[in-house]
Every structure is written in structure tokens, then in C-alpha cells.
Amino acid sequence: MATYAAPVQDLIDALGRLPGVGPKSAQRIAFYLLKVDDEEATKLARAITEAKARIGFCTVCFNLSEGEVCTICSDPERDQSVLCVVEEPRDVVAVERTREFKGRYHVLQGAIDHLQGVGPDQLRIKELLARVGAEQITEVIICTNPNLEGEATSLYLSRVLAVPGLSVTRIASGLPVGGDLEYADELTLGRALEGRRVVENG
Amino acid sequence: MHLQHVWLNDFRSYPSLDVELPAGLTALLGRNGQGKSNVLEAVAYLATLESFRGAPADALVRRGASSAVVRGQVLVDGREQLIEAEINPAGRNRVQVNRQRLQRTRDLVEALRVTVFAPDDLELLKGGPAVRRSYLDKALVLERPAVDSVRSDFEKALRQRNALLKQCKGRLDEAAGLTLDVWDLKLAQAGEELTRLRRDLADRLSPVTTRAYRDVAGETSEVRLVYVSEWHERGLAAALVDSRAADVRRGTTLVGPHRDDLLVLLNDMPSRTHASQGEQRSLALGLRLGVHRLVTSRMGVPPVLLLDDVFSELDPERSVALLAALPQGQTLLSSATELPPGAVADLTLDVTTGRLDPR
């Protein structure tokens with residue numbers, strides 16, 4: 001059986017370790033990279049090194065940040081009393097897109113998942129508690145994913161955050177806006193029914 | 001629900017097969033090892049995406065072939081549904097309903113439902129509690145596909161809690177205790193719900209199973225199904241608290257629905273120890289037909305009934321009684337012997353080495 005030269009195999013192995021990339025995709029990407037102009041490949045390599053060198057985690061909220069403190073945490077216009085707790089940096093982007101939230105964030109960098117060896121100690125929960133103690137925070141909104149791990153994390157946070165004067169809320173789950181009821185899956189519809197509200201008239 | 005047409009490619013012993021089926025009774029007759037059960041297995045696969053014989057995917061593919069295809073056309077409520085399943089032991093299985101990729105296995109229930117009775121079902125009475133729990137859970141999904149999420153939530157929470165317990169290595173510090181509280185709550189919620197569903201099903205199954213048993217056995221015995229959970233009176237939340245120390249020591253969850261059992265009583269005596277061989281066979285059939293009747297009344301249409309080698313399990317009188325009391329709807333049965341006297345099939349197929357010849 002023919003094998004690849006060592007550098008090619010190394011490349012394939014490295015790509016194969018990326019999330020969502022299987023052995024076949026890794027091979028395809030490797031061959032693509034070997035075929036393109038030197039310039040294109042170098043551009044990718046440089047983009048990776050640049051990003052790794054310049055981007056770290058914000059020391060306050062643990063979102064991705066170019067400086068020591070991210071742009072959101074250093075923005076004086078932001079409401080200092082409200083904190084939105086999310087699992088990953090990409091969730092910050094999702095909430096930001098709504099333009100509804102004016103407070104600041106705290107990124108846990110994961111959710112409790114013992115099967116993956118992630119307990120509360122592996123998350124940025126100690127740091128969250130320290131912030132709640134030190135900053136003038138009156139409300140924490142828990143925006144973890146509505147799956148079992150996210151719900152468990154939310155429940156855990158609601159317990160450790162039980163301090164007087166602090167309100168802890170959980171985002172609601174329900175139906176997508178602009179959608180049709182008949183296309184909603186039973187679980188979502190069931191949750192939406194559970195979380196129903198009185199219709200405000202006028 | 002009428003499975004009108006079945007096509008097989010490289011499934012088990014069949015390089016290819018194309019067979020039309022009537023709405024009533026189809027009998028597949030032939031000596032052992034000719035491929036009768038394989039046809040039933042293929043039909044059940046279309047509805048459940050698994051082998052009722054517990055065979056792995058690679059056993060379903062004909063030797064020498066790389067993948068197998070099972071296709072079936074079903075008439076449901078006047079609409080034709082085409083189900084196509086490709087079995088790829090090396091890669092991903094593909095399933096389409098009306099040429100649309102299937103999102104979730106349980107959505108198949110809308111297109112095709114089957115009730116299977118196979119010789120292995122004697123395990124329902126002789127086997128361990130896991131067999132009976134799985135019997136209940138599968139029946140629940142057949143009745144209401146959405147409740148599958150209750151079982152899967154419970155199992156996920158259980159896996160998480162067990163992983164945490166294992167990581168504790170026998171000692172529980174304060175932080176781990178707090179996390180354990182969270183999983184206890186999640187486990188108790190899902191576990192109570194799952195148990196409520198199972199218990200309710202067991203209650204509803206008792207009368208229909210009794211009727212099915214009487215039809216087959218030709219006597220007036222009473223079958224009662226009792227769902228047994230040792231923790232039930234205390235509630236799961238309290239039971240988990242009681243069991244916590246032991247759970248930590250053993251590194252696993254010792255109490256909950258995953259340890260429950262279904263007791264099958266015949267005239268108020270445990271059938272496992274008190275019923276005769278023949279009674280147990282009739283009971284196993286009764287349990288399957290009970291679910292069949294329940295699903296029929298819930299859905300308004302009977303599932304397709306698959307009876308694998310059923311006469312080898314029953315004496316001649318019981319065989320005749322079974323056929324006389326066969327529920328409405330489509331039935332496929334396989335047998336190594338001729339049908340009992342008096343029974344008429346709508347279609348009789350002689351099965352010889354992978355060939356089906358209509359009589």
C-alpha cells in the first residue's frame with residue numbers, strides 16, 4: 001500500500017484533529033492546500049499565527065479579545081449592573097446580534113458535561129462568582145443552551161448565585177418568530193405551552 | 001396500514017426480492033434456513049431500523065455485498081408512503097420517506113408501525129428486568145413517538161450522574177456534592193415522568209393482555225402487569241438522597257427507573273416461577289398482542305403484525321385459536337409447518353433458498 005510522504009501525513013493528521021473534520025475531509029483539505037499557490041497557503045498559515053498571537057481571552061469576561069480587556073467590557077456605555085452568562089464566545093455574537101441586550105457578558109467556556117470530563121471547576125464559574133461579589137451586579141441572565149447540559153449548568157449557577165439582592169433569570173424557550181406552529185417539533189411546542197403568558201389587552 | 005410492496009437488495013440471503021403483499025394474512029412457509037424470517041426481519045427493519053433478532057448491521061448485508069437496501073410501499077390513510085433504507089455497515093445508513101431524508105428514527109412511526117412476535121420473546125418472561133423495561137419503553141414510543149424524549153433525557157442525566165460518581169472515586173467533596181444535587185434534580189424529574197408513563201402503560205396493558213391471552217390459551221385466566229419500583233413510595237428525589245452515600249462508594253446510581261421491573265402475574269402468581277412452559281409461551285404472545293391492540297385503539301389503524309415461527313411456540317389447539325382470533329389488519333407469519341387445519345391465508349408463499357413462490 002502506497003503511503004504519503006511524512007509532511008503530507010503530518011498535515012492530514014493535524015487537519016483531522018479539527019472539530020467536524022473527518023479523515024476523508026482532512027485528506028481533501030490537505031490536497032487542496034498542496035495544490036494552491038504558495039501565497040494562498042501562506043496567507044492561511046499567517047492568519048492562524050496572527051490570530052493566535054493577537055487574540056486571547058478577556059481577563060474580565062473570558063470572551064475572545066484582542067487586548068487584555070475586550071471591547072464590550074471596556075465600553076462605558078454598557079449597563080454595568082446586568083450580566084449575561086453564555087457557554088461560548090460564539091453565543092456572545094448571537095446575543096449581540098439581537099441588539100436587545102445592553103449589559104455585559106460572562107463566558108463560561110463550556111457547560112457541565114461529566115462525560116467529557118467537564119465539571120464546574122473546569123468552567124469560569126469561580127471567576128463569575130468573584131465578579132458578582134466585586135462588581136455592582138444586580139441581575140444575572142443565564143443564556144446556556146436549552147439542552148440537558150445547558151440546563152444542568154443553569155441549575156447549578158442558580159444555586160451558587162443565590163445571594164440576597166441578586167436576581168437570577170433564565171432565558172425562555174419557545175417558538176421561532178415568524179414560523180408556523182405545524183412545523184414546530186413537539187418538544188419545543190410543549191415548552192412553549194409550559195411558558196405561556198397572559199395576553200395583554202391594550 | 002397496508003404494506004403493499006417490498007423490495008430487497010442484498011439483504012441477508014436475498015440478492016434481490018420483489019414481492020407484493022395482500023392486506024390480510026400472508027403465510028411464508030418453508031423448511032428452516034430458507035429465508036422466511038429474513039423477510040419479516042426486513043419488514044420490521046423498515047419500521048424500527050433495527051433487527052428484532054438483535055443482529056448487527058453487517059449481519060443484515062448479504063455475504064460479499066457492501067450494502068443492503070430495503071424498500072417498502074405502505075398505504076396509510078389512503079396515502080402511499082415509500083420507505084427506503086440503505087444499510088451500510090462500513091458507513092452511514094440512509095433512510096428516506098417519500099424521497100425525503102428521515103430526520104429522526106421515531107418519525108418512521110408515522111409511516112409504518114409493526115408488532116413483532118418472535119421465538120426470542122420468551123425472554124420477556126424468563127429474561128432479566130432490562131428486557132421488560134425495554135418492552136415497555138418501545139410500546140410507549142409506538143403509542144406516542146414524542147415520549148421518546150423522556151426516556152432519552154433520563155438516560156442522558158443518568159450517564160452524566162454516573163460519570164460524576166465515577167470521577168469522585170469514592171469521596172464526595174462539597175463542590176461535587178453541589179453538582180450532584182443538580183443531577184439528582186434532573187434525574188428525579190425525568191425519572192418520575194418515565195415511571196409515571198411506564199406505570200400507566202402497565203395498568204392499561206393488563207386488560208388487553210388478558211384478553212389476548214384468553215384468545216390464545218382458550219381459558220379464563222387473569223393476566224396482571226404490575227410495574228415495580230422499589231423507590232416509588234419515597235419519590236425518586238428522596239430515594240436518591242438516601243442512596244447517595246452508597247452511590248458514591250460504588251461509583252454508580254443504585255436506585256431509579258433503570259432498576260425497575262415489570263411483574264407479569266398469571267392468576268396473581270408470578271409467571272416466571274409459577275407458569276408452565278406452554279403458559280409462558282402464550283403469555284409472551286399475549287404481551288405482544290396486548291401492545292398491538294393498545295396501539296390499534298390509540299391510532300385507529302392496526303400496525304402490521306409479524307409472527308415469526310409462531311406455531312413452533314404453540315401447541316395445535318393454541319395455534320388454531322390464535323389464527324381464529326387474529327386481530328384485524330395485515331399479518332405476515334412464517335412457519336416451518338403447514339397452517340393449522342381450517343386456516344386460510346390470503347397469500348401463501350413457499351420459501352426455498354431465497355425464492356418466494358406463490359401457491
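Residues numbered from 1 in each chain as written. Chains lettered and ligands numbered in written order. Predicted model: local features only at pLDDT ≥ 70, side-chain atom pairs only at ≥ 80, totals over all residues. Heavy atoms only, no water.

Asks: Sorry if this is basic, but what is going on with the overall build of chain B here?
Replies: A tally of helices and strands in chain B yields 10 helices and 15 strands. Computed over C-alpha atoms, the radius of gyration of chain B comes to 22 Å, within 12% of the 21 Å expected from 2.2 N^0.38 for 359 residues, which places it in the range of a compact globule. Dimensions of chain B along its principal axes, counting C-alpha atoms only, are 75 × 50 × 35 Å. Within chain B, the fraction of its 359 residues that count as buried is 55%. Restricting to contacts in chain B with at least 6 residues of sequence separation, those with at least 24 account for 70%. Of the roughly 16000 Å² that chain B leaves accessible, carbon and sulfur atoms contribute 48%. (Helix = DSSP H or I, 4+ residues; strand = E, 2+ residues; numbered from the N terminus. Rg over C-alpha atoms; globule rule 2.2 N^0.38 Å. Buried < 20%, exposed > 50% of the residue type's maximum accessible area, 1.4 Å probe, protein only. Contact = heavy atoms within 4.5 Å. Areas by Shrake-Rupley, 256 points an atom, 1.4 Å probe, with all protein chains shown as cover.)

Asks: Teacher, can you tell me more about the domain arrangement of chain B here?
Replies: When the parts come together, some accessible area is lost, and that loss is often what is quoted as the size of the interface. All names here are of chain B. Partitioning chain B into structural domains gives domain 1 (1-113 + 301-359) and domain 2 (124-299). Each of domain 1 and domain 2 has a C-alpha centre, and these two points are 29 Å apart. With both sides pooled, the region where domain 1 packs onto domain 2 buries about 1700 Å², and carbon together with sulfur makes up 64% of that total. For the interface between domain 1 and domain 2, the tally reads 2 salt bridges. Close ionic contact of K138 with E50 constitutes a salt bridge, the shortest N to O distance being 3.0 Å. Our enumeration of links across domain 1 and domain 2 arrives at 5 residue pairs in polar contact (both at pLDDT 80 or more). Of all the elements in the fold, those that place two or more residues in the side of domain 1 that touches domain 2 are β12 (304-307) and α10 (316-324). Sort the elements by how many residues they give to the side of domain 1 that touches domain 2 and α10 lands first, with 3 residues. Classifying every residue of the side of domain 1 that touches domain 2 gives 12 nonpolar, no polar and 6 charged. (Domains from an automatic or database assignment. Buried area = accessible area lost by both parts, 1.4 Å probe. Salt bridge = Lys/Arg side-chain N within 4 Å of Asp/Glu carboxyl O. Polar contact = N/O pair within 3.5 Å; in protein donor to acceptor, adjacent residues only side chain to side chain. Nonpolar A, V, L, I, M, F, W, Y, C, P; charged D, E, K, R; others polar.)

Asks: When you look at the sheet that holds β12 of chain B in this model, what are you seeing that I'm missing?
Replies: For sheets, the rule is that strands pair by backbone hydrogen bonds, running either parallel or antiparallel. Residues and elements named next belong to chain B. Taken together, 6 strands build an open sheet; the order of strands is β8-β12-β13-β3-β14-β15 and the sheet is mixed. Of all the strands in the sheet, just β8 (114-117) and β15 (355-358) have a single pairing partner and so form its edges. Adjacent strand axes in the sheet meet at a mean angle of 20° when their direction is disregarded. In this sheet, strand β14 (residues 347-352) lies alongside strand β3 (residues 25-29) in parallel orientation, the contact comprising 4 bridges. Paired with A27 across the strands is T348, a residue of β14. Across the sheet, helix α1 (residues 36-48) touches β3, β8, β12, β13 (331-335) and β14, and the angle it forms with β13 is around 145°. (Pairing = 2+ DSSP bridges. Axes fitted to C-alpha atoms, helices over the stretch in contact; angles between N-to-C directions.)

Asks: Would you mind going over the pairing of β3 of chain B with me for this structure?
Replies: Two faces, one strand: in a regular strand the side chains alternate between the faces of the sheet. Residue and element names in this part refer to chain B. Burial analysis of β3 places 5 of its 5 residues in the buried class, which makes it a mostly covered element. Burial along β3 is two-sided: L25, A27 and L29 facing one way and T26 and L28 facing the other are all buried. Of the pairings in the sheet, the one linking β3 to β13 comprises 5 bridges and is parallel in character. Residue T26 lies in a different strand from β13, and its bridge partner there is L332.

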